[in-house]
Amino acid sequence: TRNATFETKAPAYKKWDLEHLPVGRLVARQNAQIVAWAALSAVSRREVYAGVAEVSVYVAAEAQGQGIGKALLKAVIQASEEAGIWTLQAGIFPENTTSIKLHKAQGFREIGVRKRIAQLEGVWRDVVLLERRSNIVGV
């Protein structure tokens, strides 16, 4: 699928590795094959935002509907809090209602829509912005 290219291309993985935090890197396997992953990336290099991260969760089409995304999101939230991260944010395309529901079920709230903020295959896209504030870190 389009979003799982980090696995198949070594140079792409090196770039991915540099863009993601060392904590909260999780994978789900079925029959020894990675079918889902979650990771965190910094939202800023400024020290005042050290406790804020963007969360990404990807589940391959053949593994969807099995609770894998929920398990990964719960685990990455726990890992983020153990690492002292107080806020997680996520940007999701509006039509991905399953992912939006998944995030909201784990305590994320919708804070707005960023209009025409992303380009996918040359088409400008809106992104729903969600955030989750920890009840443990920074209270």
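Residues numbered from 1 in each chain as written. Predicted model: local features only at pLDDT ≥ 70, side-chain atom pairs only at ≥ 80, totals over all residues. Heavy atoms only, no water.

A. Broad picture of the sheet that holds strand β2 (residues 33-42). Read from one edge of the open sheet, 6 strands run β1-β2-β3-β4-β6-β5, paired in mixed fashion. Unpaired on one side and paired on the other, β1 (26-30) and β5 (109-120) mark the two borders of the sheet. Pairwise comparison of adjacent strand axes, ignoring direction, gives a mean angle of 25° for this sheet. Direction of pairing for strand β3 (residues 52-59) relative to strand β4 (residues 87-92): parallel, over a ladder of 3 bridges. Looking across to β4, one finds that A53 is bridged to L88. Across the sheet, helix α2 (residues 68-82) is in contact with β1, β2, β3, β4 and β6 (123-133); its angle to β2 comes to roughly 35°. (Pairing = 2+ DSSP bridges. Helix = DSSP H or I, 4+ residues; strand = E, 2+ residues; numbered from the N terminus. Axes fitted to C-alpha atoms, helices over the stretch in contact; angles between N-to-C directions. Contact = heavy atoms within 4.5 Å.)

B. Structural view of the confidence of the model for the chain. Model confidence for the chain is summarised by a mean pLDDT of 89, while 91% of its residues fall at 70 or above. Confidence drops under pLDDT 50 across residues 1-10; counting only partners more than four residues distant or on other chains, this segment forms 11 contacts. (pLDDT = per-residue confidence, 0-100.)

C. Seen up close, the pairing of β5. Bridge count between β5 and β6: 8 bridges; the pairing is antiparallel. Considered in β6, the bridge of G112 is made with L129.

D. Expanded view of α2. In a regular helix each residue adds 1.5 Å, so 15 residues correspond to 21 Å; α2 covers 21 Å between its end C-alpha atoms and thus fits that length. For α2, the full list of buried residues reads I68, G69, L72, L73, V76, I77, A79, S80 and E81. Where α2 terminates, the next one or two residues include G84, which has phi positive at roughly 85°. (Expected span 1.5 Å × (residues − 1). Buried < 20%, exposed > 50% of the residue type's maximum accessible area, 1.4 Å probe, protein only.)

E. View of helix α3 (residues 97-105). All buried positions along α3 are accounted for by S99, I100, L102 and H103. End-on, the buried residues of α3 take up no more than an arc of 160°, which puts them together on one face. In this structure, α3 carries T98, K101 and A105 as exposed residues pointing more than 90 degrees from its buried face. Residues of α3 that are buried make contact with β3, α2, β4 and β6. Phi turns positive, to about 95°, at G107, one or two residues after α3. (Arc of directions from axis to C-beta.)

F. Local environment of the nonpolar core. Ranked by internal contacts, the top residues of the largest apolar core, which has 23 residues, are A36, L40, V55, I68, L73, L88 and F108. Taken together, the elements giving at least two residues each to this core come down to β2, β3, α2, β4, α3 and β6. When residues in this core are grouped by element, the largest group, 5 residues, is from α2. When sequence neighbours within four positions are dropped, the list of residues in contact with F108 reads V55, L73, I77, L88, Q89, A90, H103, L130, E131 and R132. (Core = buried A, V, L, I, M, F, W, Y, C linked by side-chain atoms within 4.5 Å.)

G. Broad picture of a nonpolar patch on the surface. Taken together, V43, V48 and Y49 make up a surface patch of nonpolar side chains, about 250 Å² in accessible area. In this fold, Y49 is placed in the loop between β2 and β3. (Patch = residues over 30% accessible without salt bridge, like charges linked within 9 Å, V, L, I, M, F, W, Y side chains within 5 Å. Areas by Shrake-Rupley, 256 points an atom, 1.4 Å probe, with all protein chains shown as cover. Salt bridge = Lys/Arg side-chain N within 4 Å of Asp/Glu carboxyl O.)

H. Region of interest: the packing of aromatic side chains. As enumerated under the stated definition, the model contains 3 aromatic pairs in all. For the ring pair W16 and W37, a centre distance of 5.7 Å and an interplane angle of 90° mean the geometry is edge-to-face. Placement of the pair is W16 in helix α1 (residues 10-19) and W37 in strand β2, with a sequence separation of 21 residues. A relative accessible area of 9% places W37 in the buried class. Through a chain of ring-to-ring contacts, three or more aromatic side chains come together here, namely Y13, W16, W37 and Y58. Here the basic side chain of R125 rests over the ring of F93, its NZ or CZ set 4.0 Å away from the ring centre. (Phe/Tyr/Trp six-rings, centres within 6.5 Å; stacked < 30°, edge-to-face > 60°. Lys NZ or Arg CZ within 6 Å of the ring centre and 35° of its normal.)

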